[in-house]
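# Observations on the model geometry
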There are 2 protein chains.
Amino acid sequence: MLKVALLGCGTVGSQVARILLEDGDSLAARSGARLELAGIAVRSMDAKRDVDLPRELFTDEAEALVDSADLVVELMGGIEPARSLILRAIRKGASVVTGNKALLAQDGPALFEEADRNNAELSFEAAVAGAIPIIRPIRESLSGDRITRVLGIVNGTTNYILDQMDTTGAAFADALAEAQRLGYAEADPTADVEGHDAAAKAALLATLAFHTPVSLDDVRCEGITKVTAEDIAAAKDSGFVIKLLAIAELVRLGDGDGAEGTSVRVHPTLLPREHPLAAVRGAYNAVFVEAENAGQLMFYGAGAGGRPTASAVMGDLVSTARRLVAGAPGRTDTATRRLPMAGVEGIFTSYSIGLEVADQPGVLSRVAAVFAEHGVSIEAMRQTLGDGAAGAGNSRAELRFVTHRATEKALAETVADIKNLDAVESVTSVLRVEGV
Amino acid sequence: MLKVALLGCGTVGSQVARILLEDGDSLAARSGARLELAGIAVRSMDAKRDVDLPRELFTDEAEALVDSADLVVELMGGIEPARSLILRAIRKGASVVTGNKALLAQDGPALFEEADRNNAELSFEAAVAGAIPIIRPIRESLSGDRITRVLGIVNGTTNYILDQMDTTGAAFADALAEAQRLGYAEADPTADVEGHDAAAKAALLATLAFHTPVSLDDVRCEGITKVTAEDIAAAKDSGFVIKLLAIAELVRLGDGDGAEGTSVRVHPTLLPREHPLAAVRGAYNAVFVEAENAGQLMFYGAGAGGRPTASAVMGDLVSTARRLVAGAPGRTDTATRRLPMAGVEGIFTSYSIGLEVADQPGVLSRVAAVFAEHGVSIEAMRQTLGDGAAGAGNSRAELRFVTHRATEKALAETVADIKNLDAVESVTSVLRVEGV
Ligand SMILES: NC(=O)c1ccc[n+]([C@@H]2O[C@H](COP(=O)([O-])OP(=O)(O)OC[C@H]3O[C@@H](n4cnc5c(N)ncnc54)[C@H](OP(=O)(O)O)[C@@H]3O)[C@@H](O)[C@H]2O)c1
Ligand SMILES: NC(=O)c1ccc[n+]([C@@H]2O[C@H](COP(=O)([O-])OP(=O)(O)OC[C@H]3O[C@@H](n4cnc5c(N)ncnc54)[C@H](OP(=O)(O)O)[C@@H]3O)[C@@H](O)[C@H]2O)c1
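Source: prediction; values computed, not measured. (Residues numbered from 1 in each chain as written. Chains lettered and ligands numbered in written order. Predicted model: local features only at pLDDT ≥ 70, side-chain atom pairs only at ≥ 80, totals over all residues. Heavy atoms only, no water.)

### Describing unusual backbone geometry
Let me state the cut-off plainly: In this text, helices come from DSSP runs of H or I with a minimum length of four residues, and strands from runs of E with a minimum of two, each type numbered from the N-terminal end.
The amide bond that connects glutamate 80 of chain A to the next residue, proline 81 of chain A, takes the cis arrangement and shows omega of 5 degrees. Tracing the chain through its elements places proline 81 of chain A in the loop between strand S4 (71-74) and helix H4 (82-91). Positive phi, close to 55 degrees, is recorded for asparagine 119 of chain B, a residue that is not glycine. With respect to the helices and strands, the residue asparagine 119 of chain B is situated in the loop between helix H5 (101-117) and strand S6 (122-123).

What follows is the structure, encoded as structure tokens:
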């Protein structure tokens, strides 16, 4: 028998408690040990819970509960007291399962090291993409391969909003309001729509994929608040869809031929409609992995929600229990190397750039000259004439360019110089393109 | 240092050898031990190989090689001598990695038991869907959940052929010839097009998903040789695509309300175009999993090929090496229960049925009466008039029905009775429908 301490009984925790109580027999058959729910630490003993649980399980003495357990499941969220309780568990040799991406993206490396030192294990399958098994496939199934790139739709709220904009033509604000009404977005949607949640997950994915420590500070992050209905419509016209992607890449430093480094970023991205990630609809998540030998892989499923996330937590719990029954030591993969982060010269990408220009002869040629100056080659261009009479001098036109791949540095400089052209009224959008 | 014996040096084995020799340092960093390729057993010492490998590694004394190794990688294929060599390795406590689905579908349970008895481990990530991590996610990530259904596109050859038929309108024979020309199908395509390869994988998937032994004999199997261009066109018209699916389901026995059982089958299946599996194109594979808490998951990638399959083998090898370094015993999950296989009364499915009928008044009503008699409800019907003048008595019409879900038994009886109606010239196709 193994004693399980559950910290937190909210959306996910209450489902973990339910499964532990309902499925005891089959969990015991699969683990080789009975998983006994020793107690549930909560902040308020009187809060209403989603599921019916025996009242005597609840406690507000989290430390004492941790001290009594063989296995600790942390589902409180936030930095403290989650961090101290996890460390307390690890230091007495108990293994821990958590879904706390915020904590791991901030303090992961320190926690993993502490776990290793104490022969404990810190599992976190639930932290990156809810129910989707992605940590274990990356750490184990792909351990004999070389992952070169990870592209993830890892935030259901933003995928739902972008998908709504794509299907209905809605503006961002309206799609967000609808998502809030349906419970897909929180009252304060900042962490989701600004990309912070995806950035934490990107850091974790990069750490695992490239065997190197990556923290939240290393992730360049841009949310979806500036994506307009016009961006979506223009993308659609050209056979693209816009997704918020968490991207982790192995790159060459310097001008693309130096030592190995990584680039980790989150931004709205144009993807061709035929790309496997383009078909990921609504609040679903998916992680697309490219590896040297395996080629292209994709993992798809529910990225959040009480029951799906609890499924991932239970998978970690049963796997840890099996290990304890077998008497094997815990092993929390720490980084085996330390790769530098790439600067803008190391990142190769392509841009989709929207411009509002004066509808005069010679504008296109002047804009094209700026691209050429920076060595950026244009893959496609579309011109839409504005309201005024063509060639009348007072009317405007919209230009949309898609470039071939170039360094982020050359692209950023191109955009800056285009902005300074007299004939250019404004740069209306700059979006990266992947998967072409 | 761990000594690795490689048995077989064909499409997959030669890639495993290359990776072991090329990536020694990073594999050592990830395993905690150097993986030394002790030798490669082949049938003929002189055969030409895809990759350059040091000649002194080759041997035709497989048994001696096995006896010298800590880890054995079996990539010869076939039943013997693969089976005896694997048993030899296991009995001396060496862990084994294999990609041999034919052997596992036939002798899996006996081999797993022998491995357990000897504290050895038998891993086979490569056997089900090539590079796609599916064994580990099912066994570990979903170990705390209850899988209810697995739908897999697990044969690239047939998916390529059906995809070609769907995109170009080609007949089966032409699409097969094209697949053979391009190397996607073998000269003797029987194992693929008759569904035998998919059936072996279905047995393995069911065994793991439901924790019960399932062998090849338990799998009801139908290939794609009878799928016509007309079937594909009719499916397309109604928003469906035809895929060869390996299906493993938890079902209720008896009339759907008895004890729990399983149904494992392979057959061409209509899927709605919006289903995640419908987007799996060309020779790619994907496995769609439904679990009680996780909901719907999908795993997508290359299901075959030397390098992708070698990636899966290497993942097993590194994971096993880590375990040996940690000094933990092997654990090959054997079945924890024994579920009965469902008969036709236990399987709920829906049919798409194509009929050629005399174009006379009252035919539709007579056909509809047969459906009603067996309690099968019709979801949709389309009638296409033939060449003769409508109502002239000598002309024919085609009817296509899609039913609601009913037992396989009721559906089969309905089809048999419809065949006996005077006005029915022939039943031109019977296909199952999933995902609706
Ligand atoms: N929800 C998802 O879909 C999802 C998906 C993936 C990962 N996660 C992660 O899983 C974790 C839990 O998420 P959740 O959605 O279940 O959160 P939640 O619904 O807000 O629940 C948090 C629970 O923790 C308890 N708690 C908070 N602070 C505490 C403290 N200081 N002492 C004792 N108990 C405390 C709360 O107690 P009271 O009930 O008394 O307030 C509550 O029961 C988070 O790290 C989250 O990022 C969630
Ligand atoms: N190919 C794929 O894409 C793929 C995908 C998933 C799983 N698999 C599985 O992986 C295994 C290997 O497939 P493969 O495509 O690599 O096969 P393959 O190309 O036919 O290679 C088989 C190798 O085994 C050797 N061999 C056969 N019988 C032998 C014997 N009696 N003694 C010593 N050596 C023997 C052959 O030696 P010679 O060279 O001297 O003839 C050859 O090197 C099979 O079980 C297959 O089902 C393959």
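Next comes the rest of the account.
### A look at the site of ligand 1
All names here are of chain A. The cut-off we apply is this: Any residue with a heavy atom lying within 4 Å of a molecule or strand is counted as near it. We call two N or O atoms a polar contact when they sit within 3.5 Å, provided that within protein one can donate a hydrogen and the other can accept it, with sequence-adjacent residues counted only if both atoms are side-chain atoms. Accessible areas in this description were obtained via Shrake-Rupley with a 1.4 Å probe; residue shielding takes into account the shown protein chains only. Just so you know the grouping, Ala, Val, Leu, Ile, Met, Phe, Trp, Tyr, Cys and Pro go in nonpolar, Asp, Glu, Lys and Arg go in charged, and all remaining residues, Gly too, go in polar.
Taken together, 21 residues surround ligand 1, and among them Cys9, Val12, Ser44, Arg49 and Gly305 come closest. Measuring from an oxygen atom of ligand 1, one finds a backbone N or O atom of threonine 11 at 2.9 Å. Within the contact set of ligand 1, an oxygen atom lies 3.1 Å away from a backbone nitrogen or oxygen of arginine 43. Calculation on ligand 1 without its partners gives an accessible area of 910 Å², and the protein chains cover 76% of this total. Classifying every residue of the shell around ligand 1 by side-chain character gives 9 nonpolar, 9 polar and 3 charged.

### Re the relation of the copies chain A and chain B
The following threshold applies: Least squares is the method for superposing the copies, and the C-alpha atoms it fits come from residues with pLDDT of at least 70 in both. Only heavy atoms matter for contacts: two residues are in contact if any of them lie within 4.5 Å across the pair.
Overlay of chain A on chain B (RMSD 0.0 Å): rotation 180 degrees, translation along the axis 0.0 Å. The superposition of one copy onto the other is thereby described by a two-fold rotation axis. When the interface residues of chain A are mapped onto chain B, 100% of them again fall at the interface, so both copies present the same face.

### Description of the site of ligand 2
All names here are of chain B. Taken together, 21 residues surround ligand 2, and among them Cys9, Val12, Ser44, Arg49 and Gly305 come closest. Take threonine 11: an N or O atom from its main chain is 2.9 Å from an oxygen atom of ligand 2. Contact with the protein chains hides 76% of the accessible area of ligand 2, taken as 900 Å² for the molecule alone. Counted by class, the shell around ligand 2 contains 9 nonpolar, 9 polar and 3 charged residues.

### What to know about the sheet that holds strand S6 (residues 122-123) of chain A
Residue and element names in this part refer to chain A. Short version of the rule: A strand pair is defined by DSSP finding two or more bridges across the two strands.
Strand order in this open sheet of 6 strands is S3-S2-S1-S4-S5-S6, and the pairing throughout is parallel. Taken across any chain shown, the strands that pair with only one partner, and hence form the sheet edges, are strand S3 (58-59) and S6. Sheet topology places S4 next to strand S5 (residues 95-98); 4 bridges connect them, and they run parallel. Within S5, the position partnered with glutamate 74 by the bridge is threonine 98.

### Let's talk about the packing of H4 of chain A against helix H5 (residues 101-117) of chain A
The relative placement of two packed helices comes down to the angle between their axes together with the axis-to-axis distance. All names here are of chain A. Stated formally: For helices, the axis comes from a line fit to the C-alpha atoms of the stretch in contact; other axes are also lines fit to C-alpha atoms, and the angle between any two N-to-C directions lies between 0 and 180 degrees. Angular relationships are summarised with four words: roughly parallel below 35 degrees, roughly antiparallel beyond 145, roughly perpendicular across 65 to 115, and oblique for the angles in between. Handedness of a helix crossing follows the sense of rotation of the near helix relative to the far helix, less than a right angle counterclockwise being left-handed and clockwise being right-handed.
Contact geometry of H4 with H5 gives a least axis separation of 11 Å together with a crossing angle of 15 degrees. Viewed along their axes, H4 and H5 adopt a mutual orientation that is roughly parallel. In this structure, H4 meets H5 at a crossing whose hand is right-handed. Where H4 abuts H5, its residues Ala82, Arg83, Ile86, Leu87, Ile90 and Arg91 lie against Leu103, Asp107, Leu111, Glu114 and Ala115. In terms of residue class, the contact of H4 with H5 is built from 7 nonpolar, no polar and 4 charged.

### Here we look at the nonpolar core
Inclusion rule: In this text, buried Ala, Val, Leu, Ile, Met, Phe, Trp, Tyr and Cys residues form a nonpolar core when linked through side-chain atoms within 4.5 Å. Partly exposed residues are those whose accessible area sits between 20% and 50% of the maximum for their type, while under 20% is buried and over 50% is exposed, using a 1.4 Å probe and protein chains only.
The biggest cluster of nonpolar side chains holds 164 residues, and the ones touching the most others in it are Ile134 of chain A together with Ile134 of chain B. In this view, isoleucine 134 of chain B contacts Glu125, Val128, Ala129, Leu205, Val287, Val289 and Phe299 of chain B; residues no more than four positions away in its chain are not counted.

### Observations regarding helix H14 (residues 363-373) of chain B
Residue and element names in this part refer to chain B. Inclusion rule: The arc under discussion is defined with respect to the helix axis, by the directions toward the C-beta atoms.
Buried residues of H14: Val363, Val367, Val370 and Phe371, and no others. Axial view of H14: buried residues confined to an arc of 100 degrees, hence all on one face. Away from the buried face of H14 by more than 90 degrees, exposed residues Ser365, Ala372 and Glu373 are located. Elements in contact with the buried residues of H14: strand S13 (348-358), strand S14 (378-385), strand S15 (396-403), helix H15 (408-419) and strand S17 (424-433).

### A few points about the UniProt feature "binding site: L-homoserine" (unreviewed entry) in chain A
Cut-off, in case you're wondering: UniProt positions are given in the numbering used here, feature names are shortened, and annotations may be inferred rather than shown by experiment.
UniProt annotation of "binding site: L-homoserine" (unreviewed entry) refers to Glu186 of chain A when read in the numbering used here. Along the chain, the position of glutamate 186 of chain A falls in the loop between helix H9 (172-181) and helix H10 (190-193).

### Thoughts on the side chain of threonine 403 of chain B
Mapped onto the elements, threonine 403 of chain B comes out in strand S15. Setting aside anything within four residues of it in sequence, one finds threonine 403 of chain B in contact with Ser350, Tyr351, Ile353, Phe371, Val376, Ser377, Ile378, Glu379 and Leu411 of chain B.

### Considering the packing of helix H1 (residues 11-22) of chain B against helix H13 (residues 306-326) of chain B
All names here are of chain B. Their axes nearest at 8 Å, the elements H1 and H13 cross at an angle of 60 degrees. As the angle between them shows, H1 and H13 are arranged oblique. Remark: the crossing between H1 and H13 carries right-handed chirality. Contact residues: H1 offers Thr11, Val12, Gln15, Val16, Arg18, Ile19 and Leu20, while H13 offers Gly306, Arg307, Thr309, Ala310, Val313, Met314 and Leu317. Classifying every residue of the contact of H1 with H13 by side-chain character gives 8 nonpolar, 4 polar and 2 charged.

### Here we look at the UniProt feature "binding site: NADP(+)" (unreviewed entry) in chain A
Residue and element names in this part refer to chain A. When the UniProt feature table is mapped to this numbering, "binding site: NADP(+)" (unreviewed entry) covers Leu7, Gly8, Cys9, Gly10, Thr11, Val12, Gly13 and Ser14. Looking at where leucine 7 falls in the secondary structure, it is placed in strand S1 (residues 2-7). Its relative accessible area of 0% is what places leucine 7 among the buried residues. Those residues in contact with leucine 7 that sit more than four places away from it in its chain are Ala41, Ala62, Leu65, Val66, Val72, Val73, Glu74, Leu75, Met76 and Leu85. For glycine 13, the position within the fold is in helix H1 (residues 13-22). Dropping the residues within four chain positions of it, glycine 13 is found in contact with Leu6, Gly8 and Leu75.

### Quick notes on the pairing of strand S4 (residues 71-74) of chain B
Residue and element names in this part refer to chain B. Short version of the rule: The handedness of a crossover follows from its direction of travel: if, with the strands pointing away from the viewer, the path from the first strand over the helix to the second runs clockwise, the crossover is right-handed.
Burial along S4 is two-sided: Leu71 and Val73 and Val72 and Glu74, pointing in opposite directions, are all buried. Inspection of the sheet shows strand S1 (residues 2-7) paired to S4 by 4 bridges, in the parallel sense. Residue pairing for S4: leucine 6 is matched across the bridge by valine 73. Considered for its hand, the β-α-β crossover made up of S4, helix H4 (residues 82-91) and strand S5 (residues 95-98) is right-handed.

### Here's the deal with the confidence of the model for chain A
Selection criterion: pLDDT runs from 0 to 100 and stands for how confident the predictor is about each residue.
In the predicted model, chain A carries a mean pLDDT of 92, and 97% of its residues have values of at least 70. Across the predicted assembly, pTM comes out at 0.93 and ipTM at 0.92.

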